[in-house]
Each structure stands twice: as structure tokens, then as C-alpha cells.
Amino acid sequence: MKTVEELKQIANDVRIDIIRQVSRAQSGHPGGSLGCTDILTVLYFNVMDITPENAVSIDRDRFVLSKGHASPALYAILAAKGIIPHEELKTFRQLDSRLQGHPNMNMVPGVDMSTGSLGQGLSAANGMALANRLDGNDHRIYCLMGDGEVEEGQIWEAAMAAHHYKLDNLCGIVDVNNLQIDGTTDHVIGPNPIGPKFAAFGWNVIEIDGHDYNEIQNAFAEAKTVKGVPTVIIANTVKGKGVSFMENNVDWHGKAPSGDLIKVALNDLGAQEE
Amino acid sequence: MARATREAYGEELAKLVQEDPKIVVLDADLAGSTHSIKAGKVAPERFFDMGIAEADMIGTAAGLAASGYTAFASTFAMFATGRPWEQIRNSVVYPHLNVKIAGSHAGISVGEDGVSHQAIEDIAIMRSIPTMEIYCPADAAETKAVVDYVAKTTEPCYIRLGRAKVEDVYEEGNVPDITKIHVLAQGQKIAVFATGLMVKSALEAREMLLKEGVDITVVDVCAIKPADEAGIVEVLKNHDVIFTAEEHNIINGLGSMIAEVSVTYCPRFIHRIGLPDTFAESGSAAVLLHAYGLDGEGVYNAIKSHI
Ligand SMILES: Cc1ncc(C[n+]2csc(CCOP(=O)(O)OP(=O)(O)O)c2C)c(N)n1
Ligand SMILES: [Mg+2]
């Protein structure tokens, strides 16, 4: 188990790696990656039982990055865990790289589902949770969705199924940053309130500050103890967290910084250009 | 000039919504990327961002069309045709509703986003729906001609658009009938039927081959369906070896369409240039088009290897 201070240090390094990957590739999605970094850090370092040794196996807890555009965060976490070489982050989005723009489960150890098309991950997570029950193991399945992503109807089909099949070995997380691509979620189509919708589908709902390490850890711990129904963590986050000009700014959803802005971004995170 | 066909789509649609109060525009959280927001800016009351909910967008477009409107619905080609395929078939095409689906970021030239976003099956799945029309313009001017044309018909259709900038092939306002094939360069013996940004690649290959004394014919096929069968047969008759070039799986796209016309009316050897039934990967548009043999050099190499 890492202490909160250690987790914060790891998360900061992950954020630096997100900016470096996206800047080198001159493409990718910094905002939604920075915003879910604290959640992923807790998940991979203090919650899931994934290690470099069992990364290619399914005999462990698994994670579905349903909002697959946050791949730079996942790759940086896998590098921080020693599951993929840190050097490899330099190949992000380049020809012949394992680190595809959106995650490919057959290329990268530790990537448990190929994603990128929004709305599909929760269904796959349900399938994994059902398989775990059939196999009689007590591994847990985690699935991170975006608050824009839950506008997809398939999410709610899956929400209904997860409750119907009593998938208490499943824990969903919705990264609520109030932004999607065309603007704020409220402006575009209004998916809010998301927690009460899951509650209406029969889920156990825990709402937290997605950057507060104690709240994140407590939520995952509580989810493990809830029996008979799936749990969803509604995590309120700041898109672009950690980089001043990206925070809460829809422009940085899917755009890479260039020139001086790379310096500013790294400086915000206490790092320099390589 | 180099412009992306998606930009031209937005520009032309913005013009049309001002002229015709019965046009409505829908998008699925990609209005900036597809440029449909340009129409949304000038007619906000007839612009509906449906959020990240493509199936709902198509169904809603169907309802608007069933109420007398001409509905233009756009998002990335993958999510415009793949996610809501069955809604398109059963709620739009079967009831013959006036919905124009525009899929931008088609093909591998969407680039770094990778396979999940690279629609190389969209022509195939749209083509297999009975009566569905498909237009794949080569440049900005042809895109505007397509938008103008489909706005005047009552047919459901799919318009295939790209993310990357493409050099102009046509002069704006001077595009011949888009329902017919266009012979852009007349050569001998060898003809290339190309669609979308592959038209430019084919024209580049032609320049390279000309230097070696090989004079090929280059044909722009914007109307994939219904096909200009008479025009295609005319080209087949006058050439011995045929190539097709598309930024799409070689299965069930332009190459298959040309082959179907050929086996029925005028058998020829046909070599299909495209993705050889393989997924691509992440990389910049230029790097990918080169790596997968779809730039001018790739078309040149493909032709050289068969003559
Ligand atoms: C099915 C589908 N439709 C559209 C897209 C394009 N797209 C990528 S990210 C995104 C917005 C996602 O917003 P949200 O889920 O809130 O993610 P976050 O804010 O955490 O980045 C969209 C529309 C997609 N990847 N998949
Ligand atoms: Mg969001």
C-alpha cells in the first residue's frame, strides 16, 4: 500500500508523462487524461492486484478504460507500475507502436479491453464480471466512463443488466468533469444528474471528489463491501487537472500543446522539457 | 488550394440552411470536427446537438424527416454508420425518409486516433442497404456539389468525408454532374477508378507513370451508389487493365462495385487498391497513407507491379 503522499508523487509523474506523450505525438487527449489520473493512480497502486508478473494473465482484478481516449493516462500508469518500459511512452501514436491512440488489449500487457468507441466498455465489464462469477473467483472488475460517454444508450442497457445479474464484483466510475467536446455536458444534452440515474437502475452510488485521495480510497473500499448490487463511483473531477491553462477548458479535450505551452504545462507540474 | 471535405460540408450546409427553412442539422458532440456547427451558427433553432448518442441522432433525424424536414446528420464516419447501422436501415432507409448522413474522418487518414476511429467498412455497410445512396467526393468543390445535389432529392444517402486537407481537383462551382463518373485524364490501356482522396493519389501516380511513357486514365467515382453503370462500362470497354483505388477495405467498397459492373457487362482484370482486408494503426495521415500504399507512390507501385 502506498501512502497518500506517495500516491500524489506518482500521480504527478503520470501527469508529466501525459503531457510528454501528447506533446511528442502532437495529438491525443490531455484534458480527460489529466482529470482521471488520481483515480487511476489509486486504482492501480492501492486497489487492484495487478503486478508486472500477472499483467498478461486474467487471473487478477481487471480494468476497462471505457473512455479510451484517456489512453495516455493508462499508458503512463502501466509504465509507472513497471508493466511496460517507460521509454516506450515515446512511441505513443506513432507508426508501429503498441501504444495506439486508443488502447489495444492484444498489444499492451495490462490493457484489459480494446476501447475508443464510447459507450461500449461497461457492457464488456459486465461480461468479465459474469465470467468471474462462472469461474468462481473473487477478482473485481473496474470500468471508467466519461460523463459525456454516459449519453450513449448502451451504457444504460449495461446498467440495467449489471443490476439484474447482481454484479457486485463490478465497480463503475464516472469521471464527471462537466465537459465533453462540443461544450459543457449541460449545454450539449444534459446527462445530469448521473448518480440518481444509476440509483434508479438499482446501483449503489457513491459520490466523491475525484482528486481527494482519502475519498477515492474510501469509495473503492466501500464498493468492495456492498453485496448484491453493483456500485458506481460518481467522481467529480477537473478536466485538465494540474495544468493551469487546461483546467476546465474544453479546448484541451483533444489537442496537443506546442511550443511554449509545453514548457508552461510541464512547469505547472514541476518538470522541464527533455 | 488544400481544404478538407468536411470543411466544405459545413460551409455549404451553412448556406443551404439559410436558403431553405425545411433543412435541419443534427450532430453527435462532434459539430466542430464535422463543421456542421457552421450551419448551427446561422440557424441555431434548426440545429440539434444530440450528444454522444448516435443511434438516437439517427432516429431523431428519421422523425424530423417523417415530419417534412430534410435532415442532415453528421458525426465521424465510424459512429455515423457503424453504431447506428440498424437504425439507419430500419428507421431511415426502409421507410424511405429524407435523411442525409454525413460521415467525416473516414478512412485511415483520420490518423493518430487509430483503428477505433478509422472507418474502412462504411461504404460496405451502407452499400448493402437496399436503395441507400453513397457519395464520396474527391475535394472541397465536389463536396459542395454533393451537398447541393442531395439537398434537392428526397432520397436517404450517405456522404463520406475526410479529416485531412486534400488539394483541389475541381474548380468551385464548376463540378460536372456528381451522379456520373468523371474521366479526369484520358490515357490508354490502363484505367484507375478512384474515390475520395485516392483521386489525388491516382492523379499523382499518373504523373509519375507519364515520365516513364505510361499514360493511364484516371476516373473520379463520387457516386458509389447508384453507380453510373453506363459510364463505367464505357471506360472498361476502352481499357485492358483496370485498377480501383479507395481508402477503404478492398472488400465491398468501390473495387467491389466496379468488379460487379465488370462481371455483368464487360469482364476485365481488376486490381483493387485499398486496405487488403486488414486493420491499420495509429500514425499521422501522411505516414499511414504511405505505409499502406495509398499515396501517389503507393498507387504508382501497385500499377507498376501489374504491368
Ligand atoms: C461512439 C463515439 N462517439 C463519439 C466519439 C468521439 N469522442 C471522443 S471523446 C468524446 C467526448 C467524451 O466526453 P467525456 O465522456 O465526458 O470524456 P472526458 O470529458 O472525460 O474526456 C467524443 C464525443 C467516440 N470516441 N465514440
Ligand atoms: Mg467529460
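Residues numbered from 1 in each chain as written. Chains lettered and ligands numbered in written order. Predicted model: local features only at pLDDT ≥ 70, side-chain atom pairs only at ≥ 80, totals over all residues. Heavy atoms only, no water.

Caption draft 1: View of the overall build of chain A. Helix and strand content of chain A: ten helices and five strands. A compact globule built from 274 residues should have a C-alpha radius of gyration of about 19 Å, and chain A, at 17 Å, falls within 12% of that. Projected onto its principal axes, the C-alpha coordinates of chain A cover approximately 50 × 45 × 35 Å. Relative to its 274 residues, chain A shows a buried fraction of 59%. Of the roughly 10300 Å² of accessible surface on chain A, a fraction of 51% belongs to carbon and sulfur atoms. (Helix = DSSP H or I, 4+ residues; strand = E, 2+ residues; numbered from the N terminus. Rg over C-alpha atoms; globule rule 2.2 N^0.38 Å. Buried < 20%, exposed > 50% of the residue type's maximum accessible area, 1.4 Å probe, protein only. Areas by Shrake-Rupley, 256 points an atom, 1.4 Å probe, with all protein chains shown as cover.)

Caption draft 2: Highlighting the coordination of the magnesium ion (ligand 2). All names here are of chain A. Protein ligation of the magnesium ion (ligand 2) involves Asp 147 (OD), Asn 177 (OD1) and Leu 179 (O), the donor distances falling in the range 2.1 to 2.2 Å. One chain supplies every donor for the magnesium ion (ligand 2), spaced along it as D-x29-N-x1-L. Classification of Leu 179 as buried rests on a relative accessible area of 10%. (Donors = N, O, S within 2.8 Å, 3.2 Å for Na, K, Ca; no water.)

Caption draft 3: Representation of the pairing of strand S7 (residues 157–160) of chain B in the model. All names here are of chain B. Here S7 shows no split at all, with Cys 157 and Ile 159 on one side and Tyr 158 and Arg 160 on the other all buried. Inspection of the sheet shows strand S5 (residues 99–104) paired to S7 by four bridges, in the parallel sense. The residue of S7 that forms the bridge with Gly 103 is Arg 160. In this sheet, S7 lies alongside strand S6 (residues 133–135) in parallel orientation, the contact comprising three bridges. Each bridged residue has a counterpart across the sheet, and for Ile 134 the counterpart in S7 is Tyr 158. In this region the chain leaves S6, passes through helix H8 (residues 140–152) and returns to the parallel neighbour S7; the handedness of that crossover is right-handed. (Pairing = 2+ DSSP bridges. Right-handed = clockwise from strand over helix to strand, strands pointing away.)

Caption draft 4: Geometry of the site of ligand 1. Lys 67, His 69, Asp 147 and Lys 239 of chain A together with Glu 54 of chain B are the nearest of the 25 residues found near ligand 1. In this structure ligand 1 sits where residues from chains A and B come together. Here Asp 147 of chain A contributes a side-chain N or O atom positioned 2.8 Å from an oxygen atom of ligand 1. When the free accessible area of ligand 1 is taken as 590 Å², the share hidden by the protein chains comes to 99%. Tallied by class, residues from the shell around ligand 1 come to six nonpolar, ten polar and nine charged. (Near = heavy atom within 4 Å. Polar contact = N/O pair within 3.5 Å; in protein donor to acceptor, adjacent residues only side chain to side chain. Nonpolar A, V, L, I, M, F, W, Y, C, P; charged D, E, K, R; others polar.)

Caption draft 5: Quick look at the environment of Asp 147 of chain A. Residues and elements named next belong to chain A. Within the fold, Asp 147 resides in the loop between strand S2 (141–146) and helix H6 (153–164). Residue classification places Asp 147 among the buried positions, given a relative accessible area of 1%. Asp 147 sits 117 residues away from Val 264 along the chain, and the two C-alpha atoms are 28 Å apart. Apart from residues no more than four positions distant in its own chain, Asp 147 is found in contact with Val 174, Asp 175, Val 176, Asn 177, Asn 178, Leu 179, Thr 185, Pro 191 and Ile 194. In this structure the side chain of Asp 147 is engaged in a polar contact, spanning 2.6 Å, whose partner is the backbone nitrogen of Asn 178. (Contact = heavy atoms within 4.5 Å.)

Caption draft 6: Region of interest: the pattern of salt bridges. For the structure on display, the rule yields 22 salt bridges over all chains. With its nearest N and O atoms 2.7 Å apart, the salt bridge here joins Arg 60 of chain A to Asp 112 of chain A. With Arg 60 of chain A in the loop between helix H3 (37–47) and strand S1 (62–65) and Asp 112 of chain A in the loop between helix H4 (71–80) and helix H5 (121–135), the pair connects residues that are 52 residues apart, well separated along the chain. Asp 112 of chain A carries the same exposure label as Arg 60 of chain A, and that label is buried. The residue Glu 45 of chain B makes a salt bridge to Arg 46 of chain B at a minimum N-O spacing of 3.6 Å. Residue Arg 46 of chain B is classed as buried on the basis of its relative accessible area, which comes to 15%. (Salt bridge = Lys/Arg side-chain N within 4 Å of Asp/Glu carboxyl O.)

Caption draft 7: Here's a closer look at the interface of chain A and chain B. The interface of chain A with chain B comprises 25 residues on the first partner and 22 residues on the second. Contact with chain B buries surface across chain A, with Leu 95, Glu 152 and Asp 182 of chain A losing the most and accounting together for 30% of the total. Applying the counting rule to chain A against chain B returns two salt bridges. Where Arg 93 of chain A meets Asp 113 of chain B, a salt bridge forms, and the shortest distance between an N and an O atom there is 2.9 Å. (Buried area = accessible area lost by both parts, 1.4 Å probe.)

Caption draft 8: Representation of the pairing of strand S2 (residues 23–27) of chain B. Residue and element names in this part refer to chain B. Most of S2 sits out of view: five of its five residues are buried. With burial as the criterion, each face of S2 is covered, one bearing Ile 23, Val 25 and Asp 27 and the other bearing Val 24 and Leu 26. Where S2 and strand S4 (residues 70–76) come together, five bridges link them in parallel fashion. The residue of S4 that forms the bridge with Val 24 is Ala 71. Strand direction decides the pairing type here: S2 and strand S3 (residues 47–49), joined by three bridges, are parallel. What sits directly across from Leu 26, in S3, is Phe 48.

Just geometry here; none of it tells us what the structure is for.
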